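A closer look at the structure
The chain contents come next:
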Amino acid sequence: MEETVETGYHALPQPDELGTREKEDAMGAYLMMFASIGAGLPLPIINLIASVIYYFVNSKKSRYIKFHCHQSLFSQLPTSLMNAGLMFWLFQIFIYDNWEYNNNFVGYAVMVGVFNLAYFVLSIVGAVKARKGQVYYFLFFGRLAYSHAYKVRENDSMVKSAPVNQPPSM
Amino acid sequence: MFPHAFLLLFFGIWGSILSFISFWIILFTGRYPESFFEFQVKLMRWQLRLNARMYNLVDDYPSFGLDGTDELTSLEIPYPENLGRGHLLLKAFFGWLYCALPHVFVLYFRLLATMVVSFLAWWIVLFTGKFPEGMHGFITGTLRWGTRLGLYLGNMTDEYPPFSGRE
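Residues numbered from 1 in each chain as written. Chains lettered and ligands numbered in written order. Predicted model: local features only at pLDDT ≥ 70, side-chain atom pairs only at ≥ 80, totals over all residues. Heavy atoms only, no water.

1. Observations concerning the overall build of chain B
In plain terms, the rule: Strands are runs of DSSP state E lasting at least 2 residues, helices are runs of H or I lasting at least 4, and numbering of each runs from the N terminus. Radius of gyration: over C-alpha atoms. The globule rule applied is 2.2 Å multiplied by the number of residues raised to the 0.38 power. Throughout, exposure labels follow a simple rule: accessible area from a 1.4 Å probe, protein chains only, divided by the maximum for the residue type, with under 20% read as buried, over 50% as exposed, and the rest as partly exposed. Here a residue-residue contact requires only that any non-hydrogen atoms of the pair lie within 4.5 Å. Surface exposure here means Shrake-Rupley accessible area, sampled with a 1.4 Å probe, where a residue is shielded only by the protein chains that are shown.
A count of helical and extended segments in chain B gives 4 helices and 0 strands. Starting at the N terminus and walking to the C terminus, you meet the elements of chain B as α-α-α-α. Relative to a compact globule of 167 residues, whose C-alpha radius of gyration would be 15 Å, chain B shows 17 Å and is just as compact. Projected onto its principal axes, the C-alpha coordinates of chain B cover approximately 55 × 35 × 25 Å. Burial analysis of chain B (167 residues in total) assigns 42% to the buried set. The long-range share in chain B, meaning contacts at least 24 apart out of those at least 6 apart in sequence, stands at 66%. Summing over all exposed atoms, chain B offers an accessible surface of approximately 9400 Å²; the carbon and sulfur share of this is 68%.

Here it is as structure tokens:
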């Protein structure tokens, strides 16, 4: 694959340049949102832990997989934090009786629900696109993941450095 | 056993996560993701290495890790290029009835027998230094049977497991 050092980013692979296994591994990154169900522990944090493990296991395989792992992981962070906040609030109301059930709680719960739904839909779309060998950019996180995965870095082993041996000057 | 079991617990949780996700991937694509399949096979090999030692089928200490090697046990599972989606749904809804129930029922008694055989074999090995071949074959067959059942119920093959531990 050619590097486009001029633009500062590596060239994006086209669907026909990617193998089935690579596409499947990229798809798997988004499906880590179901990890807590698979583990039999209904805790949102399990999904985040699974995404982190999946990232470290697979991200070095290729830039395409790294991009999707990054995007999946980054996009999961806000929803995980919001879910944790909701759990904390729920515990304060129903378990510890420290706070009262009020409209603020309902508003927050609905907002978290909408965010989770959006995350779910986006992740499914991302998984389907990844399986087809396509790149799909989420709002904000897409650019961030692209930058992380495809930006040309100095210590990048795939970047050809300037040749050391030069012909004599004539 | 404890260090292996401790590590296998966490790898097993990861395996069940991948298995659950694989179910949905097979349902929509008809393929078990190759890297997920490889992980499951390596995990099964690790469990087999440990089980073989627990039943005294082989000597020496089992190697750790998914990439651990073992000259005394082998488990080869061909990768299925395509898996039937109808078969997958059949297994999901009725697998417990036509596969898990009859196999677990028979395997339960076979496992009890395996425990007894293993106990007897332990004494025989202690006094003679030799593991009787028939007993060895019986215990190996139980492990083989359990592995085949796991493969089928884990959606790694569409081939119904035989009611036997033979090769």
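2. Focus: the packing of helix H1 (residues 20–31) of chain A against helix H2 (residues 34–54) of chain B
Here is the rule: Angles here are taken between N-to-C directions and fall from 0 to 180 degrees, while the axes themselves are lines fitted to C-alpha atoms, restricted in helices to the stretch in contact. Orientation labels follow simple angle bins: below 35 degrees gives roughly parallel, above 145 gives roughly antiparallel, 65 to 115 gives roughly perpendicular, and whatever is left gives oblique. All residues other than Ala, Val, Leu, Ile, Met, Phe, Trp, Tyr, Cys, Pro, Asp, Glu, Lys and Arg, Gly among them, are scored as polar; the first ten of these are nonpolar and the last four charged.
Contact pair H1 of chain A / H2 of chain B: the axes reach a minimum separation of 8 Å and the direction vectors enclose 80°. On the basis of their axis angle, the class for H1 of chain A and H2 of chain B is roughly perpendicular. Along the contact surface, H1 of chain A presents Arg21, Glu24, Asp25 and Gly28 of chain A, while H2 of chain B presents Glu34, Ser35, Phe36 and Glu38 of chain B. Grouping the constituent residues of the contact of H1 of chain A with H2 of chain B by class yields 1 nonpolar, 2 polar and 5 charged.

3. Observations regarding the layout of surface pockets
Residues and elements named next belong to chain B. The test is simple: In this analysis a 1.4 Å probe is tested at points of a 1 Å grid over the protein atoms alone, and where it fits but cannot get out there is a cavity; an open set with protein on both sides within 12 Å along at least five of seven lines is a pocket; lining residues have an atom within 4 Å of a point. Grid points are joined across faces, edges and corners, and a volume is the space filled by probe spheres set on the points.
Estimates place the volume of the largest pocket at around 720 Å³. Lining the largest pocket are 27 residues, with Ser74, Leu75, Arg144, Thr147 and Arg148 sitting closest to its centre. Mapped by element, the contributors of at least two residues to the lining of the largest pocket are H2 and helix H4 (133–153). By residue number, the principal contributor to the lining of the largest pocket is H4, which donates 7 residues. A breakdown of the residues in the lining of the largest pocket according to their chemical character gives 16 nonpolar, 6 polar and 5 charged.

4. Description of the packing of aromatic side chains
Inclusion rule: When two rings of Phe, Tyr or Trp (its six-membered ring) have centres within 6.5 Å they constitute a pair, described as stacked for plane angles under 30 degrees, edge-to-face for angles over 60, and tilted for the intermediate range.
As enumerated under the stated definition, the model contains 37 aromatic pairs over all chains in all. Ring geometry for Tyr54 of chain A versus Phe36 of chain B: centroids 6.2 Å apart, planes at 85°, classification edge-to-face. You can see Tyr54 of chain A sitting in helix H3 (residues 44–58) and its partner Phe36 of chain B sitting in helix H2, one on each of two chains. An identical accessibility class is assigned to Tyr54 of chain A and Phe36 of chain B; each is buried. Each ring, one from Phe67 of chain A and one from Tyr137 of chain A, has its centre 5.6 Å from the other, and the planes form 75°; the classification is edge-to-face.

5. Re the confidence of the model for chain B
As a reminder of what qualifies: The predictor's confidence in any single residue is recorded as pLDDT, a number from 0 to 100.
With 100% of its residues at a pLDDT of 70 or more, chain B has an overall mean of 93. Note on the complex model: pTM 0.84, ipTM 0.78.

6. Thoughts on the environment of Phe138 of chain A
All names here are of chain A. Mapping Phe138 onto the fold places it in the loop between helix H5 (103–131) and helix H6 (141–150). Overall, Phe138 belongs to the buried group, its relative accessible area being 5%. Along the sequence, Phe138 and Tyr64 sit 74 residues apart, while their C-alpha atoms lie 15 Å from each other. Excluding its chain neighbours within four sequence positions, the residues that come into contact with Phe138 are Tyr30, Gln71, Ser75, Leu122, Ser123, Gly126 and Arg143.

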